[in-house]
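In case you want the letters, here they are:
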Amino acid sequence: MKRFLWVLLTVSALGITAYFVPPYLVGGTTVPGLDRSIPGYYTSLVIHALPAGIALAIGPFQFVTRLRTRFPRAHRIAGRVYLIAVVVASLAATWAAVVTGSGFALQVAFFALIAAWLYTAAQAYRTIRRRDVKAHRVWMIRNYTLTFAAVTLRIYQLILLQVWPLMPDLEYSEIYTSSAWLSLVGNIAVAEYFIVHRVLAPRTRRPVTV
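The rules we used
Residues numbered from 1 in each chain as written. Predicted model: local features only at pLDDT ≥ 70, side-chain atom pairs only at ≥ 80, totals over all residues. Heavy atoms only, no water. Salt bridge = Lys/Arg side-chain N within 4 Å of Asp/Glu carboxyl O. Helix = DSSP H or I, 4+ residues; strand = E, 2+ residues; numbered from the N terminus. Phe/Tyr/Trp six-rings, centres within 6.5 Å; stacked < 30°, edge-to-face > 60°. Lys NZ or Arg CZ within 6 Å of the ring centre and 35° of its normal. Contact = heavy atoms within 4.5 Å. Core = buried A, V, L, I, M, F, W, Y, C linked by side-chain atoms within 4.5 Å. Buried < 20%, exposed > 50% of the residue type's maximum accessible area, 1.4 Å probe, protein only. Axes fitted to C-alpha atoms, helices over the stretch in contact; angles between N-to-C directions. Parallel < 35°, antiparallel > 145°, perpendicular 65-115°, else oblique. Left-handed = near helix turned anticlockwise from the far one by under 90°. Patch = residues over 30% accessible without salt bridge, like charges linked within 9 Å, V, L, I, M, F, W, Y side chains within 5 Å. Areas by Shrake-Rupley, 256 points an atom, 1.4 Å probe, with all protein chains shown as cover. Lys, Arg positive; Asp, Glu negative; His and termini not counted. Charge placed at Lys NZ, Arg CZ, Asp CG, Glu CD.

Moving on to the pattern of salt bridges. Counting across every chain of the model gives one salt bridge. The shortest N-O distance in the salt bridge between glutamate 192 and arginine 142 comes to 2.8 Å. With a gap of 50 residues between them, glutamate 192 in helix 8 (residues 172-199) and arginine 142 in helix 6 (residues 133-147) connect regions that are remote in the sequence.

Have a look at this one:
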């Protein structure tokens, strides 16, 4: 089951990266009705897309114990690339969140995501510099869960679009905003559940010796 979930995570991450990033590199987009008249909006999305895609693609392989053990130097280099990509993608997304015309609710969701993304990245870097591997792993799980919001947002969006005909009064921006909030809150909940029950649980359940 663990391997299946990792494969599903990896395939989803690589698939979303391959589908959504390349159009931005050639002046296109997969976002319907994207308003290019807003100053700097499209440019910020282009600058965001490439590093975000790099982080999304690198992340799953950083959690493979065998790769970390056999290739520690490659793991460290990939980790630095990942964190730099997260910082660049976050800063670029900040402007897109400021100028988006999709409403205040979406702006709040994106600002919350950006703040959490940067904070967890900083904590992941700080803990590994202190050689606290356990805490570093916890913060990287949290950080990549936020990176993976790029995938879950689109999954929720696809689901909501299927029920859109049943709610004709809804606008596309409302569907997108709902998807953003669901991906943010849902991913955080999944990450914390995994951390508590899979990462920290072995320590708390260790038998007491007298």
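Here the narrative resumes, following the displayed structure.
On to the packing of aromatic side chains. Overall, the coordinates contain ten aromatic pairs when judged by the stated rule. Where tyrosine 19 meets phenylalanine 20, the ring centres are 4.8 Å apart and the plane angle is 80°; that geometry is what we call edge-to-face. Ring centres of tyrosine 172 and tyrosine 176 lie 6.4 Å apart, and the angle between their planes is 35°; on these two criteria the pair is classed as tilted. You can see tyrosine 172 and its partner tyrosine 176 sitting in helix 8, four residues apart, about one turn around the helix. Through a chain of ring-to-ring contacts, three or more aromatic side chains come together here, namely Phe63, Tyr82, Tyr144 and Phe148. We note arginine 154 situated over the ring of phenylalanine 20; from NZ or CZ to the ring centre the distance is 4.1 Å.

Before going further, it helps to spend a moment on the environment of isoleucine 38. With respect to the helices and strands, isoleucine 38 occurs in the loop between helix 1 (2-25) and helix 2 (41-62). Residues contacting isoleucine 38, with those up to four places away along its chain left out, are Val99 and Gly101.

Further remarks concern the nonpolar core. In a soluble, globular protein the nonpolar side chains are often hidden away together inside. Within the largest apolar cluster, 24 residues are counted, with the highest numbers of intra-cluster contacts made by Leu56, Tyr82, Val86, Trp117, Tyr144 and Phe148. Where this core is concerned, the elements lending two or more residues are helix 1, helix 2, helix 4 (72-99), helix 5 (104-129) and helix 6. The element that contributes the greatest number of residues to this core is helix 4, accounting for six residues. Setting aside its immediate chain neighbours within four residues, tyrosine 144 contacts Leu9, Ala13, Ala55, Leu56, Gly59, Pro60, Phe63 and Tyr82.

Let us now look at the packing of helix 4 against helix 5. Orientation of helix 4 relative to helix 5, taken along the N-to-C sense of each, is 160°, at an axis distance of 10 Å. Taken as axis vectors, helix 4 and helix 5 run roughly antiparallel relative to one another. Helix 5 is crossed by helix 4, and the crossing has left-handed handedness. Where helix 4 approaches helix 5, its residues Leu83, Val86, Val87, Ala89, Ser90, Ala93, Thr94, Ala97 and Val98 are matched on the opposing element by Gln107, Phe110, Phe111, Ile114, Trp117, Leu118, Ala121 and Tyr125.

The subject of this paragraph is a positive patch on the surface. Together, Arg73, Arg76, Arg80, Arg129 and Arg131 give the surface a local cluster of positive charge. When residues of the positive patch are assigned to their parent elements, the largest contribution, three residues, is made by helix 4. Position of arginine 73 relative to the elements: it lies in helix 4. Given the relative accessible area of 60%, arginine 73 is considered exposed.

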